[in-house]
Amino acid sequence: MAGLEEYAALSFTPQGQQALSLADMVLSYDHDHGQRLAAFEYLKRDGAQTENMGREPFRVSINLCFVGENVRAQVVLFAQILDEGPDGLFVDPLFGEFQATCEGFDRAAIDFD
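Quantities reported herein were computed from a predicted structural model and do not represent experimental measurements.

Reading the values: rules and limits
Residues numbered from 1 in each chain as written. Predicted model: local features only at pLDDT ≥ 70, side-chain atom pairs only at ≥ 80, totals over all residues. Heavy atoms only, no water. Helix = DSSP H or I, 4+ residues; strand = E, 2+ residues; numbered from the N terminus. Buried < 20%, exposed > 50% of the residue type's maximum accessible area, 1.4 Å probe, protein only. Contact = heavy atoms within 4.5 Å. Areas by Shrake-Rupley, 256 points an atom, 1.4 Å probe, with all protein chains shown as cover. Phe/Tyr/Trp six-rings, centres within 6.5 Å; stacked < 30°, edge-to-face > 60°. Pairing = 2+ DSSP bridges.

Across its full length, the protein chain carries one helix and eight strands. Taken from N to C terminus, the helices and strands of the protein chain fall in the order β-β-β-β-β-β-α-β-β. Burial status across the protein chain gives 19% buried among its 113 residues. Long-range pairs, those at least 24 residues apart, make up 52% of the contacts in the protein chain with a sequence separation of at least 6. By element, 50% of the accessible surface of the protein chain is carried by carbon and sulfur atoms, the whole surface being about 8800 Å².

Structure representation (structure tokens):
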């Protein structure tokens, strides 16, 4: 598990844009890193044979929290940057730098408390 100081490097740099530091906004951070498998099942035989078909796409899910006086402006800017081009350089504290595509965001909410 990465230490807190390693999460300071967490960022996404869309092509042609400035780096977006995500370190101060992260609430949770999950990785999905698996293999693509083909399963071959046979009649009257329990189980199956499996064949490794290569690595699945690497997936990272990040829950962000935008805070401060200009929250609306931060979220709108984030959405505009992703709309202009979701491809870019992702810096992961565990796996380093790699090209990534941001699929967007969901469950956006504003808490006025």
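We now examine the packing of aromatic side chains. Given two aromatic rings, their pairing is described by the distance between the two centres and the angle made by the two planes. For the coordinates displayed, the defined rule picks out five aromatic pairs. Arranged with centres 5.1 Å apart and planes meeting at 80°, the rings of Phe58 and Phe95 form a pair that is edge-to-face. With Phe58 in the loop between strand E5 (49–55) and strand E6 (59–64) and Phe95 in the loop between strand E7 (87–92) and strand E8 (96–101), this pair connects stretches of sequence that are 37 residues apart. With a centroid separation of 6.0 Å and 40° between ring planes, the pair formed by Phe78 and Phe105 is classed as tilted. Here Phe105 lies in the segment after E8 and Phe78 lies in helix H1 (residues 71–84), a separation of 27 residues in the sequence. Overall, Phe78 belongs to the buried group, its relative accessible area being 14%. By relative accessible area, which is 44% here, Phe105 ends up partly exposed.

This paragraph deals with the sheet that holds E7. The four strands are arranged E2-E1-E7-E8 in an open sheet whose pairing can be described as antiparallel. At either end of the open sheet lies a strand with only one pairing partner, and these are strand E2 (20–21) and E8.

Turning to its location among the elements, Ser11 is positioned in strand E1 (residues 11–14). Under the relative-accessibility criterion, Ser11 is labelled buried at 12%. Setting aside its immediate chain neighbours within four residues, Ser11 contacts Leu20, Ser21, Leu22, Leu89, Phe90 and Val91.

Position of Asp24 among the secondary structure elements: in the loop between E2 and strand E3 (26–32). Residue Asp24 is classed as exposed on the basis of its relative accessible area of 76%. Note: C-alpha distance between Asp24 and Phe66 (42 residues apart in sequence) is 8.9 Å.

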